[in-house]
Structures are given as C-alpha cells and as structure tokens.
Amino acid sequence: MSPLNDLKINLNGQYTFFLNQDVISKYSGSLRKMIKQSKKKRNKKKRIITIEIDDFPGGPDGFELVSRFCYSNGEILIDVSSVSTLYCCSVFLGMSEKFCFSNLFLQTEKFLEEVFYGSWSDIVSCLKNCEQVFFQADSYGLVDKLIIAALNKISQNSDDFSSSSLSSFGSSLSPEMAKNTSESDGRYISRSVACGRSNEWWFEDMTNLSPKIILKLVMIIGAYKTNIKSLVLTGFLLHYLKTKLQTKSRTTTELMRNKLEYSDLADTAVRGVISAGTATFSCRKLFWILRVLSSFSLSRESRIGLETLIGEMLEQATLDDLLISAGGNRESGFYNVDLVIRLLQVFVKNREEEEESRERNMKEIGKLIDKYLREISPDQNLKVSKFLGVAESLPDSARDCFDGVYRAIDIYLQSHPNLTPQDRTEICRCLNYKKLTMETCKQLARNPKIPPEIAIEALKSRCGNQEHTTSDVKVANKRFSCRYSEEKKKPVVLHLEITEKLAERLKTKGGYNLKVMDSFREGL
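Residues numbered from 1 in each chain as written. Predicted model: local features only at pLDDT ≥ 70, side-chain atom pairs only at ≥ 80, totals over all residues. Heavy atoms only, no water.

The protein goes by NPH3 domain in an unreviewed UniProt entry, where it is assigned to Arabidopsis thaliana x Arabidopsis arenosa. Reading the Sequence similarities (unreviewed entry) entry of the UniProt record for the protein gives the comment "Belongs to the NPH3 family." (UniProt positions renumbered as here; feature names shortened; annotations may be inferred.)

As structure tokens, this is what we get:
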C-alpha cells in the first residue's frame, strides 16, 4: 500500500476507499473536520486514519466521482446524467468556495442554473438522476426546483396547463437563454404534436420518472394552487399508473418497494375522477380506471368513491365491463363477483331515490346481470353464496322473466356435479317460479339435477299463476289446460295443474319417490 494513501473511508458500512488526506481535505470541509478530529483520538503509531461515512449520496459511485474530482485538481465532466448526484455530494461534503476556488458546489450550481432555464429534455434527465440521490436531493431543495422548472415548461407549451404562480419562477430568464430554450423546446414539442400527443406531449417523458418524483410534482401543484384545466393532472396520473402496470412483469420489485407512493398516486387520481364525475367519464372509462387503479392498493375511501360513481350509472355497463378478474386470489372464483354485488347495491339504492327512470333502468340491469350470471357460472371456484349474492342483489321487479336466471343455474349445476342436495336446493331460491315461461318451467321439471321438491314447487306455482293464462285457454281436465291449434288440429299444452293428490303420489315417507318422479318427468 502506498504511504500516500493515509486515509481509509468506510462508506455506508459496505465499501472502503483509501485516499490521501491532503488531496481530499483540500476540497471538502466536512472531511477536513473529521480528519482533524480523528487525529486527536488516534494512536500515534497508526499512520492511517479511518473515517466512517453513512448514507452518502449515490453510494460508492457518488464517492468515486468526488474522488475523481479531487484527484483531477478540481476538474470533472459534468452533464445532466450526473449533475444531481455531484451537487448532492458537494453539499454533503461541504465542498464550497470557502475551501477551494471554483469548488464542486459552485460548478454544479452553475450547471443547474442553466438546466433550470434550459431544454425540457435536460430538466427531465436531471430529475431522473435525482432518483439515485432522492433523499438528499429532496432535502436540499433540488427536486422542487427541477419540478417547478418542468412545470414552467409545460405551462409555456400547453393550452390546458397554466399557472401565474409558477411562471414567476422563470421571470429571471435571460433573453439569450430564453431564445435558445424556446427554439429547442419548440422543435421538440412540434415533433411530439406531430406524433399525436398535442397537450399531452409531456406525459411519456414524465412516465419514466419514479413515483417519489411524481408525488412531489402533485404536492407542488397543490402548494402553488396551479390551475389545471381539462383534468390534465388526472389524465397524466392515469397514464402514468397504466404504463407502470403494463411493465409490471419487469418491475415487480420496484412496484413493491414503492407501494406506498403508488397507492398515494392512485388515490389522487381517484379524487380527480370523482371530482369530474360522470359528466367527464363514461361508464366504460370508469371501469377501465377501476381495473387500472385497483392494482395499486387503493384506500377504502377511494375504492368506495369510485364504485359509487360506477354504480350510479351501471345501466350503461356491458357484460365485458362486469367481467373483472379477481386478481391473484382465485380461491373464491375467477371473477371479482364481490365487486359486482357492491355495484348492484349502489345502483339499487340510487334508483330507489329516482322513481321516474327506475323501472326502465332496472329492467336493463336485470338482463345484463342474467348474462353475467351465465358467464360466471362455469367457474369451478364460484360458491353458491356468491352466485346468490349477485342474483338476489336486484329486486324481483327488475326481471319480467326469470328464464335467464334458470339458464344460469342450469349451467352452474352442470359445471358443479358434486354439489350437495342442500346446495342444489339453496341455489334455486333466487327463482321466481311464477315468472318462468311454461317451456322453461317444463325444462326445470325435467332436469334431473334439480331437486324433486323444487321441480314440484315450480310447477305448482306456475300452474297457479293466473297472470300467464290467456283468453283462449280451455280447461280440458284437472291436469291440463289446452289451446286448440287450427294449423295442426291438435291441442297444445300450456301448463300443468299439479294437484295436491298428484304431489302426494310423488312423495314417500323418506322424501320423493325417485322412480315415480322420473316417470313423471318423462311424461312432461
């Protein structure tokens, strides 16, 4: 080991640097002070002084840049990809003019002044570099200054984004610099608009930044009471979160590490959506927003607010809208049935307060939910209770006919052959037998998967329902009601009358006589 390397620095408890005391202390006031204190405490027999430094900006890479600066007589190449790190290192180590002319702090500060009033791409690059030293860059105010510079650029080049408060920040821009900056940004934005980005030209560039930076942007916009028309901020946050979600397979660790920041951004986006309301967002768009933001741990308040907004306009939803995946937890089913139940509860409650359009909208939702039930019925993990939760979320008046519900039950029974008799009976409780067509009622009675007592009850209810009889019905006998067909010259069965006597014949002491029941079904 060279005797010139008389300083040992243990960095962040993991890395070790051997340096010359005189070279380093010439530029760093903090290190000069630590070396002086260590000399007083050290054993005089030891030539090497050891210093411990924790939480150094940029870690070993940042310290290597500083060492290179010191060993190069105070010269180093500064660019937009390194200036944020070098600036934070210079503040951390006290590398000011007090100790050396044209020290690192002054050089980085001059460079940043040009960046603040420079091109859009330079500002974004510096913000990107801040991610490596975010804690220090935020503490030293660098992040705030760069974000304000970025917002000034956006306000100067977007019709829908303006702020008199932020514009004053750039008022000291020199005419020469302003001219060069304007021309540079003009060319960049022209290319962006040509690609169809218009006032959203800045979205993609800012999407490359970390959630911590974006969260600071949101806070600064709030602090300066920036006027953002046309929900530009909400639109950007939705674009940002959607992009992060699309790259989730490659950045799962990053998403988990910044879970809190992503959750805060998602909640902010929801507040913007709720503030705009249904006048701005269609039902389909709201479902899309729900799909995107649900992946970022929404707060309970935000989730309820967004679901309420969707539930109030659920009559505009389609089947595809409702088929939302349950996500990672598939034990309770492939689809998020609980969500649909909550949306239906909101819809029903809202329509109870709006009598005028209630009936028409209810009928539309009834048809939609019947389709939804048929779609989710084959799911092997769908429990009977969840099926009933959806089916019974709507009042009986929402359906003129329950044939669609029966078809969903039939699909469910075929897809779940191991159901207990109790479950088979339970799932049929959502049927209104009197609102089944005669043909469907006969199909139900023939269905061997339907418990016998349900089949008998359905036929008895259907036969006793006078609302479904017509004026051309002629009662032929105690068991059949018939209508004569002029075309085929033979009677057409409209419905069966299940008498108490016939019902008793189908029963035995232990339940229903299956042999008699099968014969009865074959005769239908």
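A. Geometry of the overall build of the protein. The secondary structure content of the protein amounts to 27 helices and ten strands. For the protein, with 524 residues in total, the buried portion stands at 48%. Put simply, 69% of the contacts in the protein that link residues at least 6 apart link residues at least 24 apart. Just so you have it, the protein exposes about 27,300 Å², and 49% of that area is on carbon and sulfur atoms. (Helix = DSSP H or I, 4+ residues; strand = E, 2+ residues; numbered from the N terminus. Buried < 20%, exposed > 50% of the residue type's maximum accessible area, 1.4 Å probe, protein only. Contact = heavy atoms within 4.5 Å. Areas by Shrake-Rupley, 256 points an atom, 1.4 Å probe, with all protein chains shown as cover.)

B. Focus on the pairing of strand S1 (residues 7–11). With respect to burial, S1 is a largely interior element, four of its five residues being buried. Pairing geometry for S1 and strand S2 (residues 15–19), over five bridges, is antiparallel. Bridge pairing in S2 links Lys-8 to Phe-18. What sits between the antiparallel neighbours S1 and S2 is a turn of three residues, in which Asn-12 has the positive phi angle 55 degrees. (Pairing = 2+ DSSP bridges.)

C. Layout of the side chain of Ser-377. Among the structural elements, Ser-377 can be located in the loop between helix H20 (355–376) and helix H21 (384–391). A residue is classified by how much of its surface remains accessible, and Ser-377, at 0% relative accessible area, is buried. Of the polar contacts made by the side chain of Ser-377, one reaches the backbone oxygen of Ala-408; its length is 3.1 Å. If sequence neighbours within four positions are ignored, Ser-377 has contacts with Leu-382, Phe-387, Ala-408, Ile-411, Tyr-412, Ser-415 and His-416. (Polar contact = N/O pair within 3.5 Å; in protein donor to acceptor, adjacent residues only side chain to side chain.)

D. View of the environment of Phe-105. For Phe-105, the position within the fold is in helix H5 (residues 104–116). Under the relative-accessibility criterion, Phe-105 is labelled partly exposed at 24%. Along the backbone, Phe-105 and Val-91 are 14 residues apart, and their C-alpha atoms lie at a distance of 6.6 Å. Contact partners of Phe-105, with chain neighbours within four places excluded, come to Tyr-87, Ser-90, Val-91, Met-95 and Ser-96.

E. Local environment of helix H25 (residues 452–463). When the terminal C-alpha atoms of H25 are compared, their 17 Å separation across twelve residues agrees well with the 16 Å that a helix rising 1.5 Å per residue should span. When you tally the buried positions in H25, you get nine out of twelve residues, the bulk of the element. Every buried residue of H25 is accounted for by Pro-452, Ile-454, Ala-455, Ile-456, Ala-458, Leu-459, Ser-461, Arg-462 and Cys-463. (Expected span 1.5 Å × (residues − 1).)

F. Representation of the sheet that holds S1 within the structure. Ordered by their spatial adjacency, three strands build an open sheet running S2-S1-S3, and the pairing between neighbours is mixed. Bordering the open sheet on either side are S2 and strand S3 (49–53), each of which pairs with just one other strand. This sheet shows a mean twist of 20 degrees between the axes of neighbouring strands, independent of strand direction. Taken strand by strand, helix H2 (residues 29–41) contacts S1 and S3, and its axis lies near 130 degrees from that of S3. (Axes fitted to C-alpha atoms, helices over the stretch in contact; angles between N-to-C directions.)

G. Layout of the packing of aromatic side chains. Enumeration over the complete set of coordinates arrives at 14 aromatic pairs. Measuring from centroid to centroid gives 5.4 Å for Tyr-27 and Phe-69, while their planes differ by 70 degrees, and the two rings are edge-to-face. Separated by 42 residues along the polypeptide, Tyr-27 in the loop between helix H1 (21–25) and H2 and Phe-69 in helix H3 (residues 59–71) bring together distant segments of the chain. Its relative accessible area of 0% is what places Phe-69 among the buried residues. Seen in terms of ring centroids, Phe-387 and Tyr-412 are 5.5 Å apart; in terms of plane orientation they differ by 55 degrees. Their pairing is tilted. Here Phe-387, found in helix H21, pairs with Tyr-412, found in helix H22 (residues 403–415); they are 25 residues apart in sequence, far enough to count as distant. (Phe/Tyr/Trp six-rings, centres within 6.5 Å; stacked < 30°, edge-to-face > 60°.)

H. Broad picture of the nonpolar core. The biggest cluster of nonpolar side chains holds 143 residues, and the ones touching the most others in it are Leu-293, Leu-314, Phe-387 and Leu-431. For this core, the leading source of residues is helix H8 (residues 142–157), giving nine residues. Beyond its immediate stretch of four places on either side in the chain, Leu-431 contacts Phe-402, Val-405, Tyr-406, Ile-409, Leu-436 and Leu-444. (Core = buried A, V, L, I, M, F, W, Y, C linked by side-chain atoms within 4.5 Å.)

I. Structural view of the packing of helix H13 (residues 232–246) against helix H15 (residues 259–276). Put simply, H13 and H15 touch, their axes get as near as 9 Å, and they point 140 degrees apart. Classified by the interaxial angle, the pair formed by H13 and H15 is oblique. Once H13 is placed against H15, the crossing between them reads as left-handed. Of H15, the residues touching H13 (which contributes Thr-234, Leu-237, Leu-238, Tyr-240, Leu-241 and Lys-244) are Tyr-262, Leu-265, Ala-266, Thr-268, Ala-269, Gly-272 and Val-273. Each residue belonging to the contact of H13 with H15 can be placed in one class, and the counts come to nine nonpolar, three polar and one charged. (Parallel < 35°, antiparallel > 145°, perpendicular 65-115°, else oblique. Left-handed = near helix turned anticlockwise from the far one by under 90°. Nonpolar A, V, L, I, M, F, W, Y, C, P; charged D, E, K, R; others polar.)

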